[in-house]
Amino acid sequence: MSKKIVVPFGPQHPVLPEPIHLDLVLEDETVIDVVPSIGYIHRGLETLVAKREFTEYVYVAERTCGICSFIHGMTYCQGVEQIMDLEIPARAHYLRTIWSEYSRLHSHLLWLGLFADAMGFENLFMNSWRLREFVLDVLEETTGGRVIQGSCKVGGVRRDISDEKLAAMAGDLKSFETELSDLSEVFLHDDSLKSRLVGVGTLSRTDAYDLGAAGPVARGSGVAIDLRKTGYAAYRELRFEPATESAGDCYARCAVRIRELFSSIDLIRQAVEKMPEGEIEVKLKGMPDGEYFSRSEQPRGELVHYLKGNGTKHLVRSRIRTPTLTNVPSLVKMLQGCELADVPVIVLSIDPCIGCMER
Amino acid sequence: MTYLKRSPWIIHYDASSCNGCDIEVLACLTPMYDVERFGIVNTGNPKHADIFVVTGSINEQNREVVKNIYEQMPDPKVVVAVGICAASGGVFRECYNVSGGIDKIIPVDVYVPGCAARPESIIDGIVKSLSILEEKRTKMNSPAAKKDTQSGGIQ
Amino acid sequence: MKIEEQPTTVIAVAHLIGRVEQFRKGGFRLVQMNATQVGDEFEINYSFEKDYRFENLRLIIPAETEVPSISGMYWGAFVYENEMHDLFGIAVKGMNIDFNGNFIRTKVRYPFRNPTFQGEGPCQRK
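A.B. asks: Would you take a moment to explain empty space enclosed by the protein for this structure?
C.D. replies: Rolled over the atoms, a probe as big as a water molecule pinpoints where empty space is left. Residues and elements named next belong to chain B. Per the stated rule, a full pass over the model turns up six cavities of 30 Å³ or more. By volume, the second largest cavity is sized at about 90 Å³. Along its surface, the second largest cavity is lined by 14 residues, and Ser17, Cys18, Cys21, Cys85 and Cys115 are the ones closest to its centre. Considering every element that reaches the lining of the second largest cavity, the biggest residue donor is helix H4 (residues 84-88), with three residues. Residue composition of the lining of the second largest cavity, grouped by class: ten nonpolar, three polar and one charged.

A.B. asks: What's the story with the confidence of the model for chain B in this structure? I'm lost.
C.D. replies: Low-confidence regions, as indicated by low pLDDT, have predicted coordinates that should not be scrutinised in detail. Here chain B averages 81 in pLDDT, while 90% of its residues score no lower than 70. Contacts for the low-pLDDT stretch residues 151-155 of chain B, under 50 throughout, to residues beyond four places or in other chains number zero contacts.

A.B. asks: What should I look at first to understand the interface of chain A and chain C in this one?
C.D. replies: How big an interface is tends to be stated in terms of the accessible area lost upon association of its parts. Counting residues at the interface gives 47 residues for chain A, matched by 44 residues for chain C. For the pair chain A and chain C, the summed buried surface comes to about 4000 Å²; carbon and sulfur atoms form 55% of the total. In terms of surface lost to chain C, no three residues of chain A exceed A:Tyr209, A:Phe293 and A:Arg295, which account for 15% of the buried area on that side. The interface formed by chain A and chain C includes six salt bridges. Put simply, C:Glu43 and A:Lys308 hold a salt bridge, and the shortest N to O gap is 3.4 Å.

A.B. asks: How should I be thinking about the packing of helix H3 (residues 90-118) of chain A against helix H4 (residues 122-143) of chain A in this particular structure?
C.D. replies: Packed helix pairs are specified by the crossing angle of their axes together with the interaxial distance, meaning the distance between the axes. Residues and elements named next belong to chain A. Where H3 meets H4, the closest approach of the two axes is 8 Å, and the angle between their N-to-C directions is 160°. Of the possible angle classes, the one that applies to H3 and H4 is roughly antiparallel. The element H3 and its partner H4 pack so that their crossing is left-handed. Each residue belonging to the contact of H3 with H4 can be placed in one class, and the counts come to 16 nonpolar, five polar and three charged.

A.B. asks: Before we go on, may I ask you to explain the interface of chain A and chain B in this structure?
C.D. replies: The interface is formed by 39 residues belonging to chain A together with 37 residues belonging to chain B. Summed over both partners, the interface of chain A with chain B comes to about 3200 Å²; 61% of that surface belongs to carbon and sulfur atoms. Note that A:Arg146 is salt-bridged to B:Glu24, the shortest N-O span being 2.7 Å. Across the contact surface, chain A and chain B share four residue pairs in polar contact (both at pLDDT 80 or more). Those elements giving two or more residues to the side of chain A that touches chain B turn out to be H3 and H4 of chain A. Residue composition of the side of chain A that touches chain B, grouped by class: 18 nonpolar, nine polar and twelve charged.

A.B. asks: Before we go on, may I ask you to explain the pattern of salt bridges in this structure?
C.D. replies: If the charged atoms of two oppositely charged side chains come close together, the side chains can form a pair. All names here are of chain A. Across all of its chains, the model carries 38 salt bridges over all chains by this definition. Between arginine 219 and glutamate 260 there is a salt bridge, with the nearest N and O atoms lying 2.5 Å from each other. Residue arginine 219 is found in helix H8 (residues 215-220), and its partner glutamate 260 is found in helix H9 (residues 250-274); the two are separated by 41 residues along the sequence. Here arginine 219 falls in the buried class, since its relative accessible area comes to 0%. With relative accessibility at 1%, the residue glutamate 260 sits in the buried group. We note a salt bridge from lysine 308 to glutamate 291, for which the minimum N-O separation is 3.9 Å. Pair noted here: lysine 308 is in strand S7 (residues 301-310) and glutamate 291 is in strand S6 (residues 289-298), with a separation of 17 residues, a long-range link. Among the residues examined, glutamate 291 registers a relative accessible area of 29% and is labelled partly exposed. Connected through shared salt-bridge partners, Glu101, Arg104, Arg219, Asp226, Arg228, Glu260 and Glu297 make up one network.

Cut-offs and rules
Once a new chain begins, its residue numbering starts again from 1 and follows that chain's sequence as written. Chains carry letters from A onward and ligands carry numbers from 1 onward, assigned in written order. Local features in this predicted model are restricted to residues whose pLDDT is 70 or higher, and side-chain atom pairs enter the listing and the counts only when it is 80 or higher, whereas totals over whole chains, interfaces and linings include all residues. In computing side-chain values, all of the structure's heavy atoms are included and hydrogens and water are not. Residues are said to line a cavity or pocket when one of their atoms sits within 4 Å of a point; the points come from a 1 Å grid over protein atoms alone, cavities being sets where a 1.4 Å probe fits but cannot get out and pockets being open sets with protein on both sides within 12 Å along at least five of seven lines. Grid points are joined across faces, edges and corners, and a volume is the space filled by probe spheres set on the points. Helical segments are the DSSP runs of H or I of at least four residues, strand segments are the runs of E of at least two, and each set is numbered from the N terminus. For this classification, the nonpolar set comprises Ala, Val, Leu, Ile, Met, Phe, Trp, Tyr, Cys and Pro, the charged set comprises Asp, Glu, Lys and Arg, and every other residue, Gly included, is treated as polar. You can read pLDDT as the predictor saying how much it trusts each residue, on a scale of 0 to 100. Note on contacts: a residue pair qualifies if any of its non-hydrogen atoms lie within 4.5 Å across the two residues. Buried surface area refers to the total accessible area, computed with a probe of radius 1.4 Å, that the two partners give up upon joining, counted for both partners together. We define a salt bridge as a contact between a side-chain nitrogen of Lys or Arg and a carboxyl oxygen of Asp or Glu at a distance within 4 Å. Axis lines are fitted to C-alpha atoms, over the contacting stretch for helices. Their N-to-C directions set the angle, which ranges from 0 to 180 degrees. Angle categories: roughly parallel below 35 degrees, roughly antiparallel above 145, roughly perpendicular from 65 to 115, and oblique for all the rest. Two helices that cross are described as forming a left-handed crossing if the nearer one is turned anticlockwise from the farther one by less than a right angle, and a right-handed crossing if clockwise. The definition of a polar contact used here is a pair of N or O atoms within 3.5 Å, where within protein one atom must be able to donate a hydrogen and the other to accept one, and adjacent residues in sequence count solely through side-chain atom pairs. When accessible area is computed with a 1.4 Å probe and restricted to protein chains, residues below 20% of their type maximum are described as buried, those above 50% as exposed, and intermediate ones as partly exposed.

Okay, here's the thing in structure tokens:
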């Protein structure tokens, strides 16, 4: 039997945009065990609920993560609204849905780029990010921010989008969709990419479910969990099906995300079409008293904001359970038995967002 | 103009940032902004780098990492703190685990404001840091400085 | 309008393993675990979900109580249990992967127990 050696991976590593540390236990080239250790980005922002009023905490919630910031803000607001039994206007729900889907587009394109880069395919990285700029432009025009939008508030949204702009947005999606098709053609059908992805980092359906995997990691293994199906925001009135694949390997997770890109485009079109007239916010009355587990579907999977209020302007507890945290056990399972050279691709295939995970 | 000013290499480290600034730093490299046309290359190795771009604030665990990367970089070097968290801790400055801005650990030459900092301002900050880098280089190569290092060197 | 019902059952520590076992057998997945400090006591929530049916178990315990680990039934629970230990100082017995307090390394020990905040001092060196 050969000797076991431990190879540290991270915290500063060329393929990682963010620091995470993994101790890989190797036997020759095969990874037999993995011990993750985190804490490089831990800030402890959940404790800030004691310092910020519940209406101000939206800013902190948004800055949990710079990639899915809008969805964090929205999930927090949604939780407080549920505690306060606040009915927000339908138009606000639709606007939130549109911005959520644009966030998903930007996040998935970002991931596609990083993923391509991890495989050494720099041209594809650049092209994914070039396409992503289109999404960021829309976000900037409609909210004022490229990556941190600040357009959600407790009781609705901060700004409206005019009907002309909405129509233009829906129109612009056409050329975007064409370019996206070209891009996804490469990701799904290129032989050199396939050889790096197919059969690599396989997670079975049972494992995915038992380990509590979320989002594209779960759906890539055939577990059709998509929190948008619970019907928060405007999703109850829109038609879509969770994208699932059955293979459970890196290729399947990539395919799920690509199908979600197209489904997001479709959802934005539906939302623009059905956009109701009316107010975009309601006035707040009283203070939150009670608790709620606000759940939503982030680009990386299921996000849970647990909020507990005691009738004062400060909440007692905010707990943010992000999809990356719940995908860590699945990552450990995927890495066991893989080859050392495949580690970067497998780590990226769960779309790790460390900033979110460690809060 | 020297080679250094023409083609600086940067190393980026994410201290405890929320990712917002990180992805904007990365966005600078991609076709829309494309700093690589100025010869700016993002490297993963501190020993190759001239400019240290840090996003996010200092916390307990990354204190040593930031210091270590800085010390490994060859002279002359400059540090660009990107985003308000890197400047002062920003929205998280009251958190128990956040010690404050990058300048608590290493000297910072340029502060780029913003939450998240926009790619345009990041590029602006890096361009500003180039002249500081040039200044440091001139100072380092001046006869007085050279004499200093010679006398201070190994006997 | 409530998005979904979220029934919560308060149980005693002794019944935890049995109840979690029932969820496991019933095909529920573990959504999350978290702790909340309420006065001198801690509330620990265990959330489960099956087919978008969301249910919670809750323990209400004094600070020094030891909680049994559920990682034997839900392997992935170690991330939440280690986090609970590192942030709140809740002792969890029998974790499958025990980081011994090194999962999240923080400046202060058990920071979420009566959290402290940085003062208003200068945030930059100047």
